[in-house]
Amino acid sequence: MEIDKEKILKAGKIASEVREYAREFIKKNMPLIEIANRMEEKILGLQGKPAFPTCLSIDSTAAHATPSYNDSRIARGILKIDFGVHIDGWIADTAFSIDLEDLEENKKIIRASEKALEAAIKTIKKNVQLKEIGKAISREMELLNLNPITNLSGHGIDRWILHSRVSIPNHDNKSMILIEEGLYAIEPFATTGIGSVHDGKPSGIFRLENERNVRSLIAREVLEFIIKEYQTLPFCSRWLVKKFGTKALIGLKQLEENGNLHSYAELIESSNSLVAQTEHTILVEKNGIIVTTE
Ligand code: CO
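First, a word on what this report is: a plain description of the structure on this page. Not measured: the values here are computed from a predicted model. (Residues numbered from 1 in each chain as written. Predicted model: local features only at pLDDT ≥ 70, side-chain atom pairs only at ≥ 80, totals over all residues. Heavy atoms only, no water.)

**Brief notes about the layout of surface pockets**
The rolling of a water-molecule-sized probe over the atoms marks out the regions of remaining empty space. Estimates place the volume of the largest pocket at around 590 Å³. What lines the largest pocket is a set of 32 residues, and nearest its centre among them are His-64, His-155, Leu-162, His-163 and Tyr-264. Counting residues per element, the ones that place at least two in the lining of the largest pocket are strand 1 (49-58), strand 6 (154-158), strand 7 (161-168), strand 10 (197-208) and strand 12 (261-269). Grouping the constituent residues of the lining of the largest pocket by class yields 15 nonpolar, 11 polar and 6 charged. Estimated volume of the second largest pocket: approximately 350 Å³. What lines the second largest pocket is a set of 17 residues, among which Leu-44, Pro-50, Glu-229, Tyr-230 and Trp-239 lie closest to the centre. (1 Å grid on protein atoms, 1.4 Å probe; cavity = no way out; pocket = protein on both sides within 12 Å on 5 of 7 lines; lining within 4 Å. Points joined across faces, edges and corners; volume = space filled by probe spheres on them. Helix = DSSP H or I, 4+ residues; strand = E, 2+ residues; numbered from the N terminus. Nonpolar A, V, L, I, M, F, W, Y, C, P; charged D, E, K, R; others polar.)

Given below as structure tokens:
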């Protein structure tokens, strides 16, 4: 597949600028909706677009929590900030975790996910087996007496497709599949718990599955907007309320019932234990790699 390296690098640069901006302004007790709005506005201000809704997941919620339009949750605990930028469908996906409680335990879990990502980045290159990346990640976690979440993984990225081709394991999954040239996200999750997640409540994040015809006017309007604006990338109800008002929620419900959408659930650590996550996007080339979100 032909790639547009210039757009990939530009999306990565915007993502790292937004990450550093977020690190500065996020404080304990800030409304999650304010954090998401400020980050997404910053992305637009830098001439990018959000590649998926800003996820703000707290403590034992590992991933896929994004504020609804009338959310009242506030920042606390171990906050995982996972967000994406795209330019013309070329994606940068990055995440970091912050400890808002000033607890040694929290800092250790965060450090484990950061160290694991560093080790994985040192390992990944063309023709490396997937299991070698997983091994590098779990080794770092074990050094700190923590577990990787084994049913969450990194992923290949293609234009307009956030999760594509292969999964990058967070443990030794014995896979001898070789890394090829292309774009990947690596995202180790460290936990004090058993190291798996299950579905929690619906997150308000969706992805278009098909363009099947739908009857009501508002559902049709929302569907047309999704096709034009997000294509196959994830989006959230908060974004649609911003565009159409709360009647978007009626349209969304009808689209869901009509089978047009895939709905994502929040992901909860199965022993209800603390989780930290760190993520970068990596371009694997013939003779080296570039961490686009560095
Ligand atoms: Co990712």
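Resuming the write-up.
**Regarding the packing of helix 2 (residues 32-45) against helix 6 (residues 237-244)**
It is at 12 Å that the axes of helix 2 and helix 6 come closest, and there the two elements cross at 70°. Between helix 2 and helix 6, the angle is such that the two are roughly perpendicular. Judged by residue contacts, Ile-33, Ala-36, Asn-37 and Glu-40 of helix 2 engage Arg-238, Trp-239 and Lys-242 from helix 6. Taken together, the residues of the contact of helix 2 with helix 6 break down into 3 nonpolar, 1 polar and 3 charged. (Axes fitted to C-alpha atoms, helices over the stretch in contact; angles between N-to-C directions. Parallel < 35°, antiparallel > 145°, perpendicular 65-115°, else oblique. Contact = heavy atoms within 4.5 Å.)

**Remarks on helix 6**
Helical geometry note: an α-helix holds 3.6 residues per turn, so side chains three or four residues apart project in the same direction. Of all 8 residues in helix 6, 6 are buried; the element is thus mostly enclosed. For helix 6, every residue scored as buried is listed here: Ser-237, Arg-238, Trp-239, Leu-240, Val-241 and Phe-244. Of the surrounding elements, those touching the buried residues of helix 6 are helix 2, strand 1, strand 10, helix 5 (217-229), strand 11 (235-236) and helix 7 (247-257). (Buried < 20%, exposed > 50% of the residue type's maximum accessible area, 1.4 Å probe, protein only.)

**As for the coordination of the cobalt ion**
Surrounding the cobalt ion are the protein donor atoms Asp-93 (OD), His-155 (NE2), Glu-187 (OE) and Glu-279 (OE), at 2.0 to 2.5 Å. One way to put it: the 4 donor atoms around the cobalt ion meet at angles of 79 to 170°, and that makes the site irregular. Binding-site remark: the cobalt ion is held by donors from one chain whose sequence spacing is D-x61-H-x31-E-x91-E. Within this pair, whereas His-155 is found in strand 6, its partner Glu-187 is found in the loop between strand 8 (182-186) and strand 9 (189-191), the two being separated by 32 residues in sequence. The buried category is assigned to His-155, whose relative accessible area is 2%. (Donors = N, O, S within 2.8 Å, 3.2 Å for Na, K, Ca; no water. Tetrahedral: all angles 85-135°; square planar, octahedral: opposite > 155°, others 65-115°.)

**So, the packing of helix 5 against helix 6**
Relative to each other, helix 5 and helix 6 sit at 115°, their axes nearing to 12 Å. One element, helix 5, and the other, helix 6, form an angle in the roughly perpendicular class. As helix 5 runs across helix 6, the sense of the crossing is right-handed. Between helix 5 and helix 6, the residues in contact are Ile-218, Glu-221, Val-222, Phe-225 and Ile-226 and Leu-240, Lys-243 and Phe-244, respectively. Each residue belonging to the contact of helix 5 with helix 6 can be placed in one class, and the counts come to 6 nonpolar, no polar and 2 charged. (Left-handed = near helix turned anticlockwise from the far one by under 90°.)

**Some remarks on the packing of aromatic side chains**
What the rule picks out here adds up to 6 aromatic pairs. Ring geometry for Tyr-21 versus Phe-25: centroids 4.9 Å apart, planes at 55°, classification tilted. Placement of both Tyr-21 and Phe-25 in helix 1 (residues 5-25) is noted, with a separation of 4 residues, approximately one turn of the helix. Between Tyr-230 and Trp-239, the aromatic rings sit 5.4 Å apart at their centres with planes inclined by 35°, giving tilted as the arrangement. Judged by its relative accessible area of 9%, Trp-239 is buried. Three or more aromatic residues joined by ring pairs form one cluster here, namely Phe-206, Phe-225, Tyr-230, Phe-235, Trp-239 and Phe-244. Residue placement shows Lys-42 over the ring face of Tyr-21; its charged tip is 4.7 Å from the ring centre. Here Arg-165 stacks its cationic end above the ring of Tyr-184, 5.0 Å away from the centre of that ring. (Phe/Tyr/Trp six-rings, centres within 6.5 Å; stacked < 30°, edge-to-face > 60°. Lys NZ or Arg CZ within 6 Å of the ring centre and 35° of its normal.)

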